[in-house]
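Listed below, chain by chain, are the residues.
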Amino acid sequence: MSENFEQTVRTRQVFYIPGYDPIHPRRYRELYRKEGSEQARISDYQIGLKPKKTKGNYGWCVTSHIDGADVDTQVEVLVWSDIVRISMSNSILATYRQLVQTAWVYIASGALWRLMQLRKGPVIAALYPVGMLLLQLLVAIASGLLIYKAVTFLWAPPWFKGMAGALGVVVGWYVLKWFKKKDGKFFAYYLMHDYAFGAATRGAYPPELETRIDAFGDEIARALTSDVDEVLVVGHSSGAHLAVSILADLIRAGRVPRNGPALGFLTLGQVVPMVSFLRDAHRLRADLRYLSLRDELCWVDVTAPGDGCAFALCDPVAVSGVAPKGKRWPLVFSAAFTQSLSPARWRALRWRFFRLHFQYLCAFDMPKDYDYFQITAGPHSLSERYAGRPASRSRVVKPVNKFTSTAP
């Protein structure tokens with residue numbers, strides 16, 4: 001953090017853009033309340049939540065006393081979970097059709113092999129639903145065959161074999177239905193829908209998402225004309241690349257006033273290459289290139305090698321092959337889970353892959369210079385907090401993407 005300890009932020013507006021998540025945004029409020037309280041206890045500051053008083057987006061108010069300064073923050077969640085839920089409403093057969101289509105998009109284009117050159121963790125996470133769904137299909141087929149063989153073992157006239165075969169099909173189908181019902185434990189359908197969402201359009205934003213991006217931009221633009229000291233946009237997981245496009249649109253349109261609040265952009269656990277490496281992601285690649293040059297904002301990208309679901313320390317602009325001359329952003333560094341979590345805490349979390357993907361929003365019991373609650377509720381802007389902070393030396397900046405076109 002910068003050595004400037006003078007308070008410059010007294011009021012802040014935070015916009016949190018979640019990833020591909022179908023649940024109600026109250027989950028994020030409860031996570032913020034619980035983990036913020038724990039981080040305040042560990043780091044010896046005060047933080048509290050109050051209900052949001054204004055209408056509009058779901059959110060909450062935060063009052064904090066950090067480094068001897070009082071700060072008021074309003075957090076709003078920019079919700080697209082309704083679009084996610086619609087995309088997840090496919091039947092069992094439709095999901096298996098998605099499996100074939102998504103695998104074809106990534107394999108035939110060569111994107112899968114190039115992604116593996118970056119980080120194997122998120123690629124394994126992408127292959128997991130394919131393997132798990134195929135395993136579930138094999139179990140269903142084996143169950144049906146077992147029933148058929150058991151029924152026809154002693155007595156099997158032709159007409160009875162037909163009935164036994166039908167019974168086997170019914171049993172196999174119910175096995176598949178059981179797996180889908182229990183997907184809260186397996187996450188196979190959820191992850192399949194996630195990767196299929198971007199692959200269905202080969203990286204282009206579907207019309208309903210473009211409409212939502214425009215609406216989110218209007219909300220942020222209004223905050224940028226208010227009297228708060230900082231507007232902070234936080235994009236988590238898939239929400240990171242949505243935020244890239246939202247902010248690029250706002251700056252292009254001249255909707256970021258030079259004399260307005262400081263504009264901070266924080267991306268956490270980003271999976272940008274999963275989309276930017278696809279053939280038709282022209283818009284996203286153009287937005288990445290454009291945003292990386294702008295001085296209207298400060299863009300900080302935080303990941304961690306311990307998060308197997310993110311492209312850890314991969315500069316999303318550079319690896320996508322669109323880094324321009326004079327590139328300024330993002331500042332890429334690690335949340336360093338293995339150093340900022342105690343050995344006991346790390347042992348408890350290291351195999352909980354989905355939980356680790358949300359660790360950026362949680363408390364650290366041995367915090368270093370990344371503290372989500374000081375960033376979102378503290379007395380310094382994002383640019384001040386990380387002024388002079390060097391990027392991680394182990395970051396990946398080699399351009400790997402085959403598709404680098406920024407125009408359709």
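Keep in mind that what you see is a predicted model, and the values were worked out from it rather than measured.

Undergrad: Help me out: how do you make sense of the sheet that holds strand β1 (residues 11-17) in this one?
TA: Within a sheet, adjacent strands bond to each other through the backbone by hydrogen bonds, running parallel or antiparallel. Here we have eight strands laid out as an open sheet, ordered β2-β3-β4-β1-β5-β6-β7-β8, and mixed in their pairing. The open sheet is flanked by β2 (46-51) and β8 (331-334), the only strands paired with a single partner. On average, each strand axis in the sheet is tilted by 20° relative to the strand beside it, whichever way the strands run. Pairing between strand β5 (residues 230-236) and strand β6 (residues 262-268): seven bridges, direction parallel. Looking at β6, one finds that glycine 235 is bridged to threonine 267. With respect to the sheet, helix α1 (residues 26-43) is in contact with β1, β2 and β3 (59-66), its orientation differing from that of β2 by roughly 160°. Lying on the sheet, helix α10 (residues 239-252) is in contact with β1, β5, β6 and β7 (298-303); it crosses β5 at an angle near 140°.

Undergrad: Honestly, the packing of aromatic side chains in this entry has me stumped. Any pointers?
TA: Each aromatic ring pair is specified by the distance between its two centres and by the angle formed by the two planes. The final tally for this structure, using the stated rule, is 19 aromatic pairs. Summarising the aromatic geometry, the rings of phenylalanine 337 and phenylalanine 364 are spaced 6.0 Å apart at their centres and angled 40° between planes, so their arrangement reads as tilted. With phenylalanine 337 in helix α14 (residues 337-340) and phenylalanine 364 in the loop between α16 (353-356) and α17 (372-377), the pair connects residues that are 27 residues apart, well separated along the chain. Per residue, the accessibility class of phenylalanine 337 equals that of phenylalanine 364, and both read buried. Ring centres of tyrosine 372 and phenylalanine 373 lie 5.5 Å apart, and the angle between their planes is 75°; this geometry places the pair in the edge-to-face category. Owing to a relative accessible area of 5%, tyrosine 372 belongs among the buried residues under this scheme. Grouped by ring-pair contacts, the aromatic residues Tyr20, Trp80, Tyr190 and Phe197 constitute a single cluster. In this structure, arginine 252 packs its charged tip against the face of tyrosine 290, placed 4.6 Å from the ring centre.

Undergrad: How should I be thinking about the nonpolar core in this particular structure?
TA: One recurring pattern in soluble globular proteins is that nonpolar side chains are buried together. Of all hydrophobic cores here, the largest spans 103 residues; its most connected members are Trp80, Leu266, Tyr370 and Tyr372. With eight residues, α10 is the largest single contributor of residues to this core. Once residues lying within four places of it in the same chain are set aside, the contact partners of tyrosine 370 are Leu268, Val302, Phe333, Ala335, Tyr360, Phe364, Ile375 and Tyr386. By size, the runner-up hydrophobic cluster in this structure holds 13 residues, among which are Ile92, Val130, Leu133 and Leu176.

Undergrad: Is there a simple way to think about α1 in this case?
TA: Two residues of an α-helix separated by three or four positions point the same way, owing to the 3.6 residues in each turn. Spanning 18 residues, α1 covers 25 Å between terminal C-alpha atoms, matching the ideal 26 Å at 1.5 Å per step. Those residues of α1 that sit buried are Tyr28, Tyr32, Glu35, Gly36, Gln39 and Ala40. Along the axis of α1, the buried positions cluster into a sector of 145°, meaning they face one direction only. Turned more than 90 degrees off the buried face of α1, the exposed positions are Lys34 and Arg41.

Procedures and definitions
Residues numbered from 1 in each chain as written. Predicted model: local features only at pLDDT ≥ 70, side-chain atom pairs only at ≥ 80, totals over all residues. Heavy atoms only, no water. Pairing = 2+ DSSP bridges. Helix = DSSP H or I, 4+ residues; strand = E, 2+ residues; numbered from the N terminus. Axes fitted to C-alpha atoms, helices over the stretch in contact; angles between N-to-C directions. Contact = heavy atoms within 4.5 Å. Phe/Tyr/Trp six-rings, centres within 6.5 Å; stacked < 30°, edge-to-face > 60°. Buried < 20%, exposed > 50% of the residue type's maximum accessible area, 1.4 Å probe, protein only. Lys NZ or Arg CZ within 6 Å of the ring centre and 35° of its normal. Core = buried A, V, L, I, M, F, W, Y, C linked by side-chain atoms within 4.5 Å. Expected span 1.5 Å × (residues − 1). Arc of directions from axis to C-beta.

Interpretation note: all reported values are geometric properties and have no functional meaning in isolation.
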